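Examining the three-dimensional arrangement
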Amino acid sequence: MDGADVHAQVPLDHIPRGRRITGTFGFQWGIWGIFLIMVLILMLAGSGKRPALFEIEIYVSLFVAGGVSIAWETMRRRHPTVLVRQDGMIAVYRKRYGDAVVSRDRVRCERIDLIIIVKVGVPLLMCTILFTAIAVAIMGDEKRITAETLILLSFGLALGASLVSAAWTTFFRKHLRVPVEGSRWIAEQTVLVTREQCKRLFAGSGEG
């Protein structure tokens, strides 16, 4: 067992914070989880009669999907992937435990594909404006606020928040592709880091 292997087994709490490269996240799971819970609340508030079976199934589905999304958002923020550079290698910590030690050339930085960004971002922006404008127009015409228009408005706002989150993670974060050892399903994991963190991780290697 070499020095790098030993280092991977050192508890994360024993690694100085200044040496840790801690992954960050966007807010997509939280945004859509909150949206689904809001839809559930608005549907329940707007229902004036005993729900039918299919309505109960919709309520349960919204609750489960929204709850799982919010729970996942919370859990991943509590246990981010941490990278630690040592002696030309990178130790990978997942859920606060040493998962693997890989050479720096196995951790690569993804390039931004502007064509895909435009293809996804423009329609998302248009839908954000469309649904928000429709909801506001309906509320203005009817002079009242209903559960349906609030759901429509919430959808437009969720789309806008999703677009902002996507833009933030795309243009203000570096996307590192980190190998996942011993997994049958996932070969690599995307870890978001700041530009300064990326420079620290690859300092002297000609990457980043």
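Before reading on, note that the structure itself is shown above.
Residues numbered from 1 in each chain as written. Predicted model: local features only at pLDDT ≥ 70, side-chain atom pairs only at ≥ 80, totals over all residues. Heavy atoms only, no water.

For the rest of this paragraph, the subject is the packing of aromatic side chains. Taken as a whole and assessed by the stated rule, the structure comprises five aromatic pairs. Taking the centre distance of 6.0 Å and the plane angle of 40 degrees together, the rings of Phe27 and Trp168 count as tilted. A residue pair is termed long-range when its members are at least 10 positions apart, and Phe27 in the loop between strand S1 (20–22) and helix H2 (28–46) and Trp168 in helix H5 (residues 147–171) qualify at 141 residues. With relative accessibility at 44%, the residue Phe27 sits in the partly exposed group. Arranged with centres 5.7 Å apart and planes meeting at 40 degrees, the rings of Phe35 and Phe155 form a pair that is tilted. You can see Phe35 sitting in helix H2 and its partner Phe155 sitting in helix H5, a full 120 residues away along the chain. Residue Phe35 is classed as buried on the basis of its relative accessible area, which comes to 11%. (Phe/Tyr/Trp six-rings, centres within 6.5 Å; stacked < 30°, edge-to-face > 60°. Helix = DSSP H or I, 4+ residues; strand = E, 2+ residues; numbered from the N terminus. Buried < 20%, exposed > 50% of the residue type's maximum accessible area, 1.4 Å probe, protein only.)

A word on the sheet that holds strand S7 (residues 188–193). The three strands are arranged S5-S6-S7 in an open sheet whose pairing can be described as antiparallel. Bordering the open sheet on either side are strand S5 (108–109) and S7, each of which pairs with just one other strand. Sheet topology places S5 next to strand S6 (residues 174–179); two bridges connect them, and they run antiparallel. From the neighbouring strand, Arg108 faces S6, where its bridge partner is Arg177. Packed onto the sheet, helix H6 (residues 195–202) meets S6 and S7 and runs at close to 45 degrees relative to S6. (Pairing = 2+ DSSP bridges. Contact = heavy atoms within 4.5 Å. Axes fitted to C-alpha atoms, helices over the stretch in contact; angles between N-to-C directions.)

Counting 14 residues, the largest nonpolar core has Leu83, Val107, Leu176, Val178 and Leu201 as the members making the most contacts within it. Elements supplying a minimum of two residues to this core: strand S3 (89–94), S6, S7 and H6. A total of three residues in this core trace back to one element, the largest contributor, which is H6. Among residues more than four places away in sequence, those in contact with Leu201 are Ile21, Leu83, Arg85, Ile90, Arg104 and Leu176. (Core = buried A, V, L, I, M, F, W, Y, C linked by side-chain atoms within 4.5 Å.)

The next subject is the sheet that holds S3. Here four strands make up an open sheet; going across it, the order is S1-S2-S3-S4 and the pairing antiparallel. On the outer flanks of this sheet lie S1 and strand S4 (97–103), each paired with one strand and no other. Across the sheet, the mean angle from the axis of one strand to that of its neighbour is 25 degrees, orientation sign disregarded. Both strand S2 (residues 82–86) and S3 contribute to a ladder of five bridges, which runs antiparallel. Across the sheet, residue Val82 finds its bridge partner in S3, namely Tyr93.

This brings us to unusual backbone geometry. Positive phi is not limited to glycine here, since Lys95 has a value of about 55 degrees. Mapping Lys95 onto the fold places it in the loop between S3 and S4. The phi dihedral of Lys143 falls on the positive side, at around 60 degrees, and the residue is not glycine. When you line up the elements, Lys143 lands in the loop between helix H4 (114–142) and H5. Its relative accessible area of 73% is what places Lys143 among the exposed residues.

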